[in-house]
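Observations on chain architecture
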Amino acid sequence: YYEGPLHLINLLVPGMKAKGAGWILNLGSSSVVKLPKQPFAEHLAYFGIDALYASLKAADHRLSFGLAAELYEHGIAVNIVAPVRAVWTPGLDNLGLEFGPDHPAIEKEEHIAEA
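Residues numbered from 1 in each chain as written. Predicted model: local features only at pLDDT ≥ 70, side-chain atom pairs only at ≥ 80, totals over all residues. Heavy atoms only, no water.

**Let's talk about helix H1 (residues 3-19)**
For H1, spanning 17 residues, the distance from its first C-alpha to its last is 25 Å, which sits close to the expected 24 Å at 1.5 Å a residue. Considering bend angle alone, the principal kink of H1 is centred on leucine 12 and spans about 30 degrees; proline proline 14 follows within four residues of it. For H1, the set of buried residues is Ile9, Val13 and Met16. (Helix = DSSP H or I, 4+ residues; strand = E, 2+ residues; numbered from the N terminus. Expected span 1.5 Å × (residues − 1). Bend = angle between axes of the 7 residues up to and from the residue. Buried < 20%, exposed > 50% of the residue type's maximum accessible area, 1.4 Å probe, protein only.)

The following block contains the structure:
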C-alpha cells in the first residue's frame with residue numbers, strides 16, 4: 001500500500017544529497033486528526049469508511065517529520081500540507097460523484113499552494 005511515496009523519495013534523495021539541496025513536499029490529510037467519535041454512524045455518514053486512507057495519510061505525516069530531521073544536515077527541506085477538504089484528482093473524478101471540482105467540499109489548489 002505504501003510503496004509510491006517511498007519509491008519516489010528513494011529515487012530523488014540521492015541526487016538532492018549530491019547537490020546539497022532539495023525540497024520534498026508531501027500531500028497529507030486532515031483525516032489524520034479526525035478521530036472517529038460516537039455515534040459512529042454519524043462519523044461514517046460524513047467521512048465514509050476512512051480507516052485505511054487515514055492510516056496511510058498518518059504514515060505520510062510521520063514519514064515527512066522523520067525525513068525532515070534525517071535530511072536537514074544535507075540541505076533538504078521536507079514539508080507536508082494537509083488539506084481540510086477533498087482534493088480533486090483523477091481518482092476522485094472516477095468515483096462518479098454527483099458533484100465536480102467547484103463543489104464547496106473540494107479544496108482549491110490555490111489554497112494548497114498558499115500553504
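Following the structure, the description resumes.
**Things to note about the nonpolar core**
Buried together is how nonpolar side chains tend to be arranged in soluble globular proteins. By size, the foremost hydrophobic cluster in this structure holds 10 residues: Tyr2, Ile9, Val13, Met16, Ile24, Leu63, Leu67, Leu71, Ile76 and Val78. Sorting the residues of this core by element identifies H1, helix H3 (51-71) and strand S2 (76-81) as the ones contributing at least two each. Not counting residues within four places of it along the chain, the set of residues in contact with methionine 16 comprises Ala21, Gly22, Trp23, Ile24 and Ile76. (Core = buried A, V, L, I, M, F, W, Y, C linked by side-chain atoms within 4.5 Å. Contact = heavy atoms within 4.5 Å.)

**What to know about the pattern of salt bridges**
Pairing between side chains of opposite charge can happen when the charged atoms of each approach one another. All chains considered together, the criterion is met by 2 salt bridges. A salt bridge links aspartate 60 to lysine 57; the nearest nitrogen and oxygen atoms lie 3.5 Å apart. Of this pair, aspartate 60 and lysine 57 are both found in helix H3, 3 residues apart, which corresponds to roughly one turn of the helix. The partner of aspartate 102 in a salt bridge is lysine 108, with the nearest N and O atoms 3.8 Å apart. For aspartate 102, a relative accessible area of 69% corresponds to the exposed category. Using a relative accessible area of 26% as the deciding quantity, one classes lysine 108 as partly exposed. (Salt bridge = Lys/Arg side-chain N within 4 Å of Asp/Glu carboxyl O.)

Treat this as a map of the structure, not an account of what it does.
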